[in-house]
Amino acid sequence: MKISKVIELINGEILIGSIDDSINFAFSSDLMSDVLAFVNEDTALLTGLVNNQVIRTAEMLDLRTIIFVRGKVPPQEVVNLAKERGMTLLITNFTMFESSGVLFKNGIEALRISNE
Amino acid sequence: MNSFITNNDGIVLKYVVGNDDFSIVGEVSSKIKNVLKQLNIDNKLIRRVSIATYEAEVNVAIHSLGGYIEVTITENEIKIKIRDNGPGIKDTKLAMEKGYSTASNKARELGFGAGMGLPNMKRCSDEFKIESKFGEYTELNMKFIK
Ligand SMILES: Nc1ncnc2c1ncn2[C@@H]1O[C@H](COP(=O)(O)OP(=O)(O)OP(=O)(O)O)[C@@H](O)[C@H]1O
Ligand SMILES: [Mg+2]
């Protein structure tokens, strides 16, 4: 799904990046160590956290798209860190639940957690 | 970077990790990741090393008094050693369990404290060793086969 479509669905805004990028999978969490433990595909990250650690986590996993939910807006310092890494950042007033729900309903896939 | 040595054993990089400024946590792992990229190492391997190194760096920053990360890159493997100046871990077996965490509220606000870091380092690496003396130090040694 094109980022432009994502923006439309979550009634969002783009802070940096490209609306021509696309995503197929998403993972929603405020726990960065869970993101680091479970995310293993080229996945968009939905989170309500807006600190440097979100960008660092995404960087380590090679994630390119982050959607900040619940009206949270990352400070400029955080945006700059993401910009240096070529990431796409979106913001939305939707809750984590609604953002995830609307994307899932429109075909964005979930990750499967393996329990070994 | 605090030191960079190339010798017969390969490339050895050493970085200091502090525990006072949470906003820079991850900088060392980021630098290490960039070095690995420049060496044209396989992306999947870089990703495993990066995840494990970052989890370890976060642990040093949030649980310890500070320490260092040493990376050794040879023809066949990447070795990561993380050593800190304490306070050490009383029961390393318990610390290795998924979900066990003593993280502070400040660390939790950053998105850490799920008790997933150490198990995740073990998952990502090909060899994992944890050694700690309570009151003195914690040392992790991880090996990644190229
Ligand atoms: N370097 C360290 N020094 C002292 N204690 C440590 C260190 N690393 C880990 N621990 C202890 O082991 C516990 C488990 O570590 P682990 O990394 O698995 O989880 P966490 O850091 O608490 O949360 P997460 O990694 O999921 O954000 C920690 O809560 C802490 O009590
Ligand atoms: Mg940890």
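Small disclaimer: the values here were computed from a predicted structure and weren't measured. (Residues numbered from 1 in each chain as written. Chains lettered and ligands numbered in written order. Predicted model: local features only at pLDDT ≥ 70, side-chain atom pairs only at ≥ 80, totals over all residues. Heavy atoms only, no water.)

## A closer look at the overall build of chain A
Quick note on the threshold: Numbering of helices and strands runs from the N terminus; a helix is a DSSP stretch of H or I covering at least four residues, while a strand is a stretch of E covering at least two. Throughout this description, buried means an accessible area under 20% of the type-specific maximum (1.4 Å probe, protein chains only), exposed means over 50%, and partly exposed covers the range between.
Scanning chain A from terminus to terminus reveals five helices and six strands. Ordered by position in the sequence, the α and β elements of chain A form the string α-β-β-α-β-α-β-α-β-α-β. Along the three orthogonal principal directions, the C-alpha set of chain A runs to about 40 × 30 × 25 Å. Taken over 116 residues, chain A has a buried fraction of 53%.

## Some details on the nonpolar core
Under the convention used in this document: Take the buried Ala, Val, Leu, Ile, Met, Phe, Trp, Tyr and Cys residues and link them wherever side-chain atoms come within 4.5 Å; each set so joined is a nonpolar core.
Counting residues in each nonpolar core, the largest one holds 66 residues, and the members touching the most others are Ile-73, Ile-78 and Ile-80 of chain B. Considering every element that reaches this core, the biggest residue donor is helix α2 (residues 43–63) of chain B, with eleven residues. Within the second largest apolar cluster, 17 residues are counted, among which are Val-69, Leu-90, Val-102 and Leu-103 of chain A.

## Some words on the sheet that holds strand β4 (residues 77–84) of chain B
Residues and elements named next belong to chain B. Rules: Here the rule is simple: two strands pair whenever DSSP picks up at least two bridges between them. All axes are obtained by fitting lines to C-alpha atoms, using only the stretch in contact for helices, and the reported angles, taken between N-to-C directions, cover 0 to 180 degrees. Contacts are assigned to residue pairs that have any heavy atoms within 4.5 Å of one another.
Within the open sheet, the six strands sit side by side as β1-β2-β3-β4-β6-β5. Their pairing is antiparallel. Only two strands of the sheet have a single partner each, and these edge strands are β1 (3–7) and β5 (127–133). Between one strand and the next, the sheet's axes are offset by a mean angle of 10 degrees, whatever the strand orientation. Packed on one face of the sheet, α2 meets β2 (10–17), β3 (67–73), β4 and β6 (137–145) and runs near 175 degrees to β6.

## Quick look at the packing of helix α3 (residues 52–61) of chain A against α2 of chain B
Stated precisely, the cut-off is as follows: Oblique is the label for any angle not covered by the other classes, which are roughly parallel (under 35 degrees), roughly antiparallel (over 145) and roughly perpendicular (65 to 115). Note on residue categories: nonpolar means Ala, Val, Leu, Ile, Met, Phe, Trp, Tyr, Cys or Pro, charged means Asp, Glu, Lys or Arg, and polar means any other residue, Gly included.
Relative orientation of the contacting elements α3 of chain A and α2 of chain B amounts to 150 degrees, with a least axis distance of 8 Å. When the interaxial angle is binned, α3 of chain A and α2 of chain B end up roughly antiparallel. Taking contact as the criterion, the partners of Gln-53, Arg-56, Thr-57, Met-60 and Leu-61 of chain A in α3 of chain A are, on α2 of chain B, Arg-47, Ser-50, Ile-51 and Tyr-54 of chain B. Of the residues that constitute the contact of α3 of chain A with α2 of chain B, the class distribution is four nonpolar, three polar and two charged.

## Digging into the site of ligand 1
Selection rule: Throughout, near means a residue has at least one heavy atom within 4 Å of the molecule or strand. Whenever a nitrogen or oxygen atom comes within 3.5 Å of another N or O atom, the pair is scored as a polar contact, on the condition that within protein one atom can donate a hydrogen and the other can accept it, and that pairs from neighbouring residues in sequence are kept only if both atoms are in side chains. Accessible surface is estimated by sampling points in the Shrake-Rupley manner with a 1.4 Å probe; for residues, cover comes only from the protein chains shown.
Around ligand 1, the structure places 21 residues, and the nearest of them are His-63, Ser-101, Thr-102, Gly-113 and Met-116 of chain B. Bordering ligand 1 are residues originating from chains A and B. Within the side chain of Ser-101 of chain B, an N or O atom sits 2.6 Å from an oxygen atom of ligand 1. Interatomic distance of 2.5 Å between a side-chain N/O atom of Thr-102 of chain B and an oxygen atom of ligand 1. Protein burial of ligand 1: of its 590 Å² of free accessible surface, 95% is covered by the chains. For the shell around ligand 1, a count of residues per class yields nine nonpolar, ten polar and two charged.

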